[in-house]
Amino acid sequence: MLITEITISTDEPTEKQICELYWQEDDNGKYAYKVKEIIEKTAFNGFQINHIVKKNSAAVASWWPCSRGCKRPYRFYSRSELDTAVRKFNRGNLEPWVCTHCYANELIERGEREIAVRKKKCDYLLSNLKKLSESPIDINRLNGKEIVYLLALLRHSGSEDLTQINPIIENKSDRLAPTHLYSLRILNYLSSQDIICVSPKNDLAKIVFDEDDQIRFSPESVEWLIPLSDGTSIAQLYKDLEEKVAEPNFYKENEEDLVNIEFLISEEECIEYLYKVTNTHNLSFSVGEKTRTVLSKCLETYSVSQTFSFIWNSGRNAASFYMSHQVPKKYAANTMPGFIQRQSERALTNDWDVTGFRRDYDLKQSSLSRVVFNTVLRTDDGGFDRALPVPVPD
Ligand SMILES: [Zn+2]
């Protein structure tokens, strides 16, 4: 009952006899001979008998097949191993096992899948390489937004030898744009315009496929390349971009783009400061469209530095509201946009002299802001202290 079949691989009569005696069952399904009896019947000791049995025979048990459905039965090489399995079987806690055949097949299948994924990743990176050679960028055909974004990115993350753009997260001492979201927007925009593409030198582990088999990567974590025509280099492009933005007519020729970017930088600086203030007061807040609209309206009249004072006051007000009314933190923080709006409107109506804040030590001027305000507009962080021209809506 315990043993479906016995396989014996030796023709040597004594060894064969020992194996048969060892595994033989009586009519009740119990072992017909104790090991002690086999010792008495033969000239071998217990250790030798176990060795001969293990080497030359196996008990096959069809009640414990391979868990992968191939039906290969488990093979036992000793009574103790068989007895343990039978006990577990009777208690219902016999664990599944996988035969070497199925295990090898699974390894092969896994290996093939991994190779296919690697190939897809390589194909993606190679298609980028192809793009590099087929559509090189021409600085004279870039618009103002593209020039300013690309220069800010090169200043921020251009490698020391200027052969590629490093992952922006590697630069810990400077920020590309005031907020992380705006930095990502810059990378996505330049990539969508084929001005930068993911470098084939990237570690393949940085690229993954989602459930829909679409390629995914974190734009801030990958190295980028710029498609250039033969004979040009990123170093030359960098020099040309610096010269381009320093041209006296650059602002005038790209005024619409630049007014939009100036305003966006200011708005994002305010959002970043708002997060800093909520953190200072240990409040939780998530900026949405409503807050953006309030800040944007405020910036139509006031500078970033003055808007900071409204934001600071709104944070202090929310914190005291939280303490005095014992409302949830989120609820208290949600009062901030309304407070900024009311305070800025009152300041405007009453013609208050709003004192501006200094730039926060932790929130230094970003690379993009320096390109726009310092290089193009030739001011010293001029977007911070003065109200900006308002973009014309589309
Ligand atoms: Zn199997």
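Residues numbered from 1 in each chain as written. Predicted model: local features only at pLDDT ≥ 70, side-chain atom pairs only at ≥ 80, totals over all residues. Heavy atoms only, no water.

## Section: helix 7 (residues 180-192)
Thought 1: The end-to-end C-alpha separation of helix 7 is 18 Å, in line with the 18 Å expected for 13 residues at 1.5 Å each.
Thought 2: Among all positions in helix 7, only Tyr182, Ser183, Leu184, Ile186, Leu187, Tyr189 and Leu190 are buried.
Thought 3: Looking one or two residues past helix 7, aspartate 194 carries a phi angle of roughly 60 degrees, positive in sign. (Helix = DSSP H or I, 4+ residues; strand = E, 2+ residues; numbered from the N terminus. Expected span 1.5 Å × (residues − 1). Buried < 20%, exposed > 50% of the residue type's maximum accessible area, 1.4 Å probe, protein only.)

## Some thoughts on the pairing of strand 2 (residues 57-65)
Thought 1: Burial runs high along strand 2: seven of the nine residues are buried.
Thought 2: With four bridges connecting them, strand 1 (residues 5-8) and strand 2 associate as antiparallel partners. Looking at strand 2, one finds that isoleucine 6 is bridged to alanine 59.
Thought 3: Bridge analysis of strand 2 against strand 3 (residues 73-76) gives four bridges, and the strand direction is antiparallel. Within the sheet, the bridge partner assigned to alanine 61 lies in strand 3 and is tyrosine 74. (Pairing = 2+ DSSP bridges.)

## Details of the environment of leucine 184
Thought 1: With respect to the helices, strands and loops of the structure, leucine 184 is situated in helix 7.
Thought 2: Judged by relative accessible area, which is 17%, leucine 184 ranks as buried.
Thought 3: Each C-alpha atom, one on leucine 184 and one on proline 389, is 25 Å from the other, the two residues being 205 residues apart in sequence.
Thought 4: Once you skip the residues sitting within four places of it in the chain, leucine 184 turns out to touch Pro219 and Glu220. (Contact = heavy atoms within 4.5 Å.)

## Quick look at unusual backbone geometry
Apart from glycine, the bulk of residues carry a negative phi angle, and the bulk of peptide bonds sit in the trans form.
Thought 1: Not every positive phi belongs to a glycine, and lysine 71 is a case in point at roughly 70 degrees.
Thought 2: Within the secondary structure layout, lysine 71 lies in the loop between strand 2 and strand 3.
Thought 3: For lysine 71, a relative accessible area of 69% corresponds to the exposed category.
Thought 4: Positive phi is not limited to glycine here, since glutamine 326 has a value of about 50 degrees.
Thought 5: With respect to the secondary-structure elements, glutamine 326 resides in the loop between helix 12 (304-325) and helix 13 (329-333).

## What to know about the domain arrangement of the chain
Thought 1: Domain annotation of the chain identifies domain 1 (5-98), domain 2 (138-246) and domain 3 (254-385).
Thought 2: Here the C-alpha centroids of domain 1 and domain 3 sit 80 Å apart. (Domains from an automatic or database assignment.)

## Things to note about the pattern of salt bridges
Thought 1: Within this structure, the stated rule accounts for 19 salt bridges.
Thought 2: Where aspartate 213 meets lysine 120, a salt bridge forms, and the shortest distance between an N and an O atom there is 2.6 Å. Of the two residues, aspartate 213 sits in the loop between strand 5 (208-209) and strand 6 (215-216) while lysine 120 sits in helix 5 (residues 100-134), which places them 93 residues apart along the sequence.
Thought 3: For lysine 120, a relative accessible area of 33% corresponds to the partly exposed category.
Thought 4: Across the pair aspartate 210 and arginine 216 runs a salt bridge whose closest N-O atoms are separated by 3.1 Å. (Salt bridge = Lys/Arg side-chain N within 4 Å of Asp/Glu carboxyl O.)

## Considering the packing of helix 6 (residues 144-157) against helix 10 (residues 255-280)
Thought 1: Between helix 6 and helix 10, the least distance of the axes is 8 Å, while the angle of their chain directions is 45 degrees. It follows that helix 6 is oblique to helix 10 by the angle criterion. When the axes of helix 6 and helix 10 are compared, the crossing they make is right-handed. Here helix 6 contributes Gly144, Lys145, Val148 and Tyr149 to the contact with helix 10, which in turn contributes Asp257, Leu258, Ile261 and Leu264. (Axes fitted to C-alpha atoms, helices over the stretch in contact; angles between N-to-C directions. Parallel < 35°, antiparallel > 145°, perpendicular 65-115°, else oblique. Left-handed = near helix turned anticlockwise from the far one by under 90°.)

## Some remarks on the confidence of the model for the chain
Thought 1: For the chain, per-residue confidence averages 90 on the pLDDT scale, and 98% of positions sit at 70 or higher.
Thought 2: Of all helices and strands in the chain, the one with the weakest mean pLDDT is helix 16 (residues 382-385) (80), whereas helix 6 scores best (97). (pLDDT = per-residue confidence, 0-100.)

## Some thoughts on the coordination of the zinc ion
Thought 1: Within the first shell, the zinc ion binds the protein through Cys66 (SG), Cys70 (SG), Cys99 (SG) and Cys102 (SG), at distances of 2.2 to 2.3 Å.
Thought 2: Viewed at the metal, the four donor atoms of the zinc ion are separated by angles of 105 to 112 degrees, and the geometry they form is tetrahedral.
Thought 3: Read N to C, the donor residues that coordinate the zinc ion are spaced as C-x3-C-x28-C-x2-C. Side by side, cysteine 99 and cysteine 102 carry an identical accessibility label, which is buried. (Donors = N, O, S within 2.8 Å, 3.2 Å for Na, K, Ca; no water. Tetrahedral: all angles 85-135°; square planar, octahedral: opposite > 155°, others 65-115°.)

## A short note on the packing of aromatic side chains
Thought 1: Summed over all chains, the structure comprises 16 aromatic pairs.
Thought 2: Centre to centre, the rings of tryptophan 64 and tryptophan 97 are 6.3 Å apart; their planes meet at 65 degrees, and the pair counts as edge-to-face. With a gap of 33 residues between them, tryptophan 64 in strand 2 and tryptophan 97 in the loop between helix 4 (79-91) and helix 5 connect regions that are remote in the sequence. Across the pair, exposure class does not vary: tryptophan 64 and tryptophan 97 are buried alike.
Thought 3: Between the aromatic rings of tyrosine 302 and phenylalanine 310, the centroid separation amounts to 5.2 Å while the plane-to-plane angle is 75 degrees, which identifies the pairing as edge-to-face. Phenylalanine 310 shares its class with tyrosine 302; the two are buried.
Thought 4: Through a chain of ring-to-ring contacts, the aromatic side chains of Trp63, Trp64, Tyr74, Phe76, Phe89 and Trp97 assemble into a single cluster.
Thought 5: The cationic tip of lysine 120 hangs over the ring face of phenylalanine 209; the distance from NZ or CZ to the ring centre is 4.3 Å.
Thought 6: If you follow lysine 364 out to its NZ or CZ, it ends over the ring of tyrosine 361, 4.7 Å from the centre. (Phe/Tyr/Trp six-rings, centres within 6.5 Å; stacked < 30°, edge-to-face > 60°. Lys NZ or Arg CZ within 6 Å of the ring centre and 35° of its normal.)

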